[in-house]
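Listed here are the chains, written in short residue letters.
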Amino acid sequence: MRITGFGVIDHHAHQLAYVGSGCVRTAEGSLPSRLKLIMDSLREIILRYRPDQVAIEQVFFNVNPKSTLLLGQARGAAICAAVLGDLEVTEYTALQIKQAVVGNGHAHKSQVQAMVIRLLNLASKPGTDAADALACAICHAHSGSGLVEIGRMNMRMKRGRLV
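Attention here is on the structure that accompanies the text. Values in this document were obtained by computation on a predicted structure and should not be read as measured data.

**As for the packing of helix α1 (residues 31-49) against helix α2 (residues 65-84)**
Thinking step 1. In the contact formed by α1 and α2, the axes pass within 8 Å of each other and the chain directions differ by 35°. Considering only the axes of α1 and α2, their crossing is right-handed. In contact with Leu31, Leu35, Ile38, Met39, Leu42, Arg43 and Ile46 of α1, α2 contributes Leu70, Gln73, Ala74, Ala77, Ala78, Cys80, Ala81, Ala82 and Leu84.

Rendered as structure tokens:
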């Protein structure tokens, strides 16, 4: 709830390019006002960068149910911002994101940051929340390109295999 990362990349012809990233920070206050700030800020970011699609990390369940619920509500605000912008929203688990970016679904945040820097050829290290958002965008770019290629080859999935 306090920090919501965002990351924007371009993906053309198997090339990734950094466009922008950062964080939306909320101060102490009522839950509705904090959720409104997240949604309004992300709507402004969507208007500024004009993405074609949005990828977001799925909620994970942890030991503290209150934290999980708050995270889910922040994600809901982010999803609403995207839907109000008429954008397609795709969700990925943290495991899928880390696997796509680092090659290890149990990678540490520092490993994710390092690969984001390398894959996007960044001059400086983004914060962990922005790096996580950029990693989610990279995961989506890699997933989407694979699905597009499968469609172009007139292949389909049958019992978990390409045919």
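Here the narrative resumes.
**A few points about the nonpolar core**
Thinking step 1. Core analysis: the biggest nonpolar cluster contains 17 residues, and Ile38 and Leu42 have the highest contact counts within it.
Thinking step 2. Within the residue set of this core, elements represented by two or more residues are β1 (3-12), α1, β3 (53-57) and α2.
Thinking step 3. In this view, Leu42 contacts Thr4, Phe6, Val24, Ala78 and Ala81; residues no more than four positions away in its chain are not counted.
Thinking step 4. Of all hydrophobic cores here, the second largest spans 16 residues; its members include Leu134, Cys136, Ala137 and Cys139.

**A few points about α2**
Thinking step 1. When the terminal C-alpha atoms of α2 are compared, their 28 Å separation across 20 residues agrees well with the 28 Å that a helix rising 1.5 Å per residue should span.
Thinking step 2. Where α2 is concerned, the buried positions are Thr68, Ala74, Arg75, Ala77, Ala78, Ala81 and Ala82.
Thinking step 3. Contact partners of the buried residues in α2: α1, β3 and β4 (88-92).
Thinking step 4. One or two residues past the end of α2 sits Asp86, with phi positive at roughly 55°.

Rules used in this analysis
- Residues numbered from 1 in each chain as written.
- Predicted model: local features only at pLDDT ≥ 70, side-chain atom pairs only at ≥ 80, totals over all residues.
- Heavy atoms only, no water.
- Axes fitted to C-alpha atoms, helices over the stretch in contact; angles between N-to-C directions.
- Helix = DSSP H or I, 4+ residues; strand = E, 2+ residues; numbered from the N terminus.
- Left-handed = near helix turned anticlockwise from the far one by under 90°.
- Contact = heavy atoms within 4.5 Å.
- Core = buried A, V, L, I, M, F, W, Y, C linked by side-chain atoms within 4.5 Å.
- Buried < 20%, exposed > 50% of the residue type's maximum accessible area, 1.4 Å probe, protein only.
- Expected span 1.5 Å × (residues − 1).

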